[in-house]
Amino acid sequence: QVQLVESGGGLVQPGGSLRLSCTASGRIFSQYDMAWYRQAPGKQRELVARNNNLARTEYADSVRGRFTISRDNRKNTVYLQMNNLKPEDTAVYYCKCRWRTNEYWGQGTQVTVSS
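Since this is a predicted model, take the numbers as computed values, not measurements.

Asks: What's the story with the side chain of R38 in this structure? I'm lost.
Replies: The topology assignment puts R38 in strand β4 (residues 33-39). A distance of 2.8 Å separates a polar atom in the side chain of R38 from a polar atom in the side chain of E46. A polar contact is formed between the side chain of R38 and the side chain of D89, at a distance of 2.9 Å. When neighbours within four sequence positions are excluded, R38 is seen to be in contact with Q44, R45, E46, V48, S62, V63, F67, E88, D89, A91, V92 and Y93.

Set out below in structure tokens:
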């Protein structure tokens, strides 16, 4: 029902910055809870940042102070600004949408932090 399209992943050097975008379909985007997850090779998928429709925000300890989640309801888009990237941030990043009892996932975008 809800389609998520992600962009912004790629290669970046340690200390660099990257901004991920996720655009969702639907006419009630402002009611969606949006979040970013990531999964590194050999590791479980983990919550990176979450911003619900009431602007409540939470971050993983590993990214707090470096990453910022935000949204533009007019553009049906949620962003993840990633600053001071570290090699351990390398992972596939997934956009997630939650609406009522339903959850939807983006296709994932690769972020690689390496020299």
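Next, the rest of the story.
Asks: I keep staring at the nonpolar core and nothing clicks. Help me out?
Replies: Across soluble globular proteins, nonpolar side chains have a tendency to be buried as a group. Grouped together as the largest cluster of nonpolar side chains are 30 residues, with contacts concentrated most on L4, M34, W36, L80, M82 and Y93. Where this core is concerned, the elements lending two or more residues are β3 (18-24), β4, β5 (46-51), β7 (67-72), β8 (77-82), β9 (91-99) and β11 (109-113). Here this core gets 5 residues from one element, more than from any other, and that element is β9. Sequence-distant contacts of M34, that is, excluding residues within four places in its chain, are made with L4, C22, F29, R50, N51, N52, I69, R71, V78, C95, K96 and C97.

Asks: Can you walk me through the environment of R19 in this structure?
Replies: With respect to the helices and strands, R19 occurs in strand β3. Taking the relative accessible area as the measure of exposure, R19 reaches 46% and is therefore partly exposed. Residues R19 and N83, 64 residues apart in the sequence, show an inter-C-alpha distance of 8.5 Å. In contact with R19, not counting residues within four places along its chain, are S7, G8, Y79, L80 and Q81.

Asks: Teacher, can you tell me more about the sheet that holds strand β1 (residues 4-7) here?
Replies: Within a sheet, neighbouring strands are paired by backbone hydrogen bonds and run either parallel or antiparallel to one another. Spatial strand order, β1-β3-β8-β7: 4 strands in an open sheet with antiparallel pairing. What marks the edges here is a single partner per strand, and that holds for β1 and β7. Going from strand to strand, the sheet's axes swing by 15° on average, the running direction of each strand aside. Of the strand pairs in this sheet, β3 and β8 are connected by 6 bridges, and their pairing is antiparallel. Paired with L20 across the bridge in β8 is L80.

Asks: Can you walk me through the state of the cysteines in this structure?
Replies: The bond known as a disulfide is covalent and runs between the sulfur atoms of two cysteines. The tally for this structure, following the rule as stated, stands at 1 disulfide. Disulfide pairing places C22 opposite C95 at an S-S distance of 2.1 Å. Measuring the twist about the S-S bond at about -80°, one finds the C22-C95 disulfide to be left-handed. Placement of C22 in strand β3 and of C95 in strand β9 is noted, with a sequence separation of 73 residues between them. Assigned by exposure class, C22 and C95 land together as buried. Unpaired in terms of disulfides, C97 finds its nearest cysteine sulfur in C95, a separation of 7.4 Å.

Criteria and thresholds
- Residues numbered from 1 in each chain as written.
- Predicted model: local features only at pLDDT ≥ 70, side-chain atom pairs only at ≥ 80, totals over all residues.
- Heavy atoms only, no water.
- Helix = DSSP H or I, 4+ residues; strand = E, 2+ residues; numbered from the N terminus.
- Polar contact = N/O pair within 3.5 Å; in protein donor to acceptor, adjacent residues only side chain to side chain.
- Contact = heavy atoms within 4.5 Å.
- Core = buried A, V, L, I, M, F, W, Y, C linked by side-chain atoms within 4.5 Å.
- Buried < 20%, exposed > 50% of the residue type's maximum accessible area, 1.4 Å probe, protein only.
- Pairing = 2+ DSSP bridges.
- Axes fitted to C-alpha atoms, helices over the stretch in contact; angles between N-to-C directions.
- Disulfide = S-S within 2.5 Å.

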